Amino acid sequence: FFLMIRRPPRSTQSRSSAASDVYKRQIYDLGLIDQWLDFAISEVEPNLKVILDDLFGWERATRDAKNKAYEALNKAFNVLDAQLAHRKALVGETASLADVVLGSYVIQAYRTIIDEAGRAKLPNLSGWVYQLATNENFTRHLGNVKFCQRSLAEIPRGKSKGNQ
C-alpha cells in the first residue's frame, strides 16, 4: 500500500491575482518577522544580558565588555527607532511576534537602564514601547509597567558580603 500524490485539478491550481498577492505578502511578512526575531536574539538579547547580568551581580563583565554591550544596544535601538519612524508595528499594521519579542526586551531595558533622557533620544521607539506596555495583553502578563527615571547603572552599588 502506498499513497499516491497527485496534482490537484487545474481549477484549484489557478488563483486569482488578488489572492496570489495576499499569499505572497504573507510569505514576505513572515520573512520580515523572522528577520526581526533574528535581530532580537543576535543584536538585542546578548547585549542586554551582559549589561543586566553585571548590573544585578549574576555574572560580572569587564568594563570593555559592558561598554561594547551598551554601544551595540544603542545601535540596535537606533535601528528600531528608525524602523518605527513611519509605522505602528515592525511588520505590517498590527503587532506581530516580532513586536512582542523585541518589545519585551526593550521594555526590560526601559525598566532598568534606559532613563528618561535616553528614551527622549528614541521618540519612535519610546512611543511604540509605550503602546505595547499599555496594551491589555501585555499588562495582563507584566502588570503595570513602569519605566525607570534614572538608570540603575548610575546608582552606586553597595558592597555586599560577596563583593568584599
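Trainee: Describe in detail helix H3 (residues 63-83), supporting the description with residues and values.
Mentor: Taking 1.5 Å per residue as the helical rise, H3 with its 21 residues ought to reach 30 Å, and the 30 Å between its terminal C-alpha atoms agrees with that figure. Taken as a whole, H3 has its buried residues at Ala69, Leu73, Ala76, Phe77, Leu80 and Asp81. Viewed end-on, H3 has its buried residues packed into an arc of 140°, placing them on one side of the element. Set apart from the buried face of H3 by more than 90 degrees, the exposed residues are Arg63, Lys68, Glu71, Lys75 and Ala82.

Trainee: Run through the environment of Ala61, naming residues and quoting values.
Mentor: With respect to the secondary-structure elements, Ala61 resides in the loop between helix H2 (17-55) and H3. Overall, the relative accessible area of 22% leaves Ala61 in the partly exposed class. For the pair Ala61 and Val50, spaced eleven residues apart in sequence, the C-alpha to C-alpha distance is 6.8 Å.

Trainee: Give a description of the packing of aromatic side chains that names residues and reports values.
Mentor: A complete count under the given rule lists three aromatic pairs for this structure. Look at Trp36 and Phe39: their rings are 5.3 Å apart centre to centre, the planes differ by 85°, and that puts the pair in the edge-to-face class. Here Trp36 pairs with Phe39, and both are found in helix H2, just three residues apart, close to one helical turn. Of the two residues, Trp36 and Phe39, both sit in the buried class. When the centroid spacing of 5.0 Å and the interplanar angle of 35° are considered together, the rings of Phe56 and Trp58 count as tilted. Here Phe56 falls in the partly exposed class, since its relative accessible area comes to 37%. In this structure, Arg119 packs its charged tip against the face of Tyr110, placed 5.7 Å from the ring centre.

Rules and cut-offs
Residues numbered from 1 in each chain as written. Predicted model: local features only at pLDDT ≥ 70, side-chain atom pairs only at ≥ 80, totals over all residues. Heavy atoms only, no water. Helix = DSSP H or I, 4+ residues; strand = E, 2+ residues; numbered from the N terminus. Expected span 1.5 Å × (residues − 1). Buried < 20%, exposed > 50% of the residue type's maximum accessible area, 1.4 Å probe, protein only. Arc of directions from axis to C-beta. Phe/Tyr/Trp six-rings, centres within 6.5 Å; stacked < 30°, edge-to-face > 60°. Lys NZ or Arg CZ within 6 Å of the ring centre and 35° of its normal.

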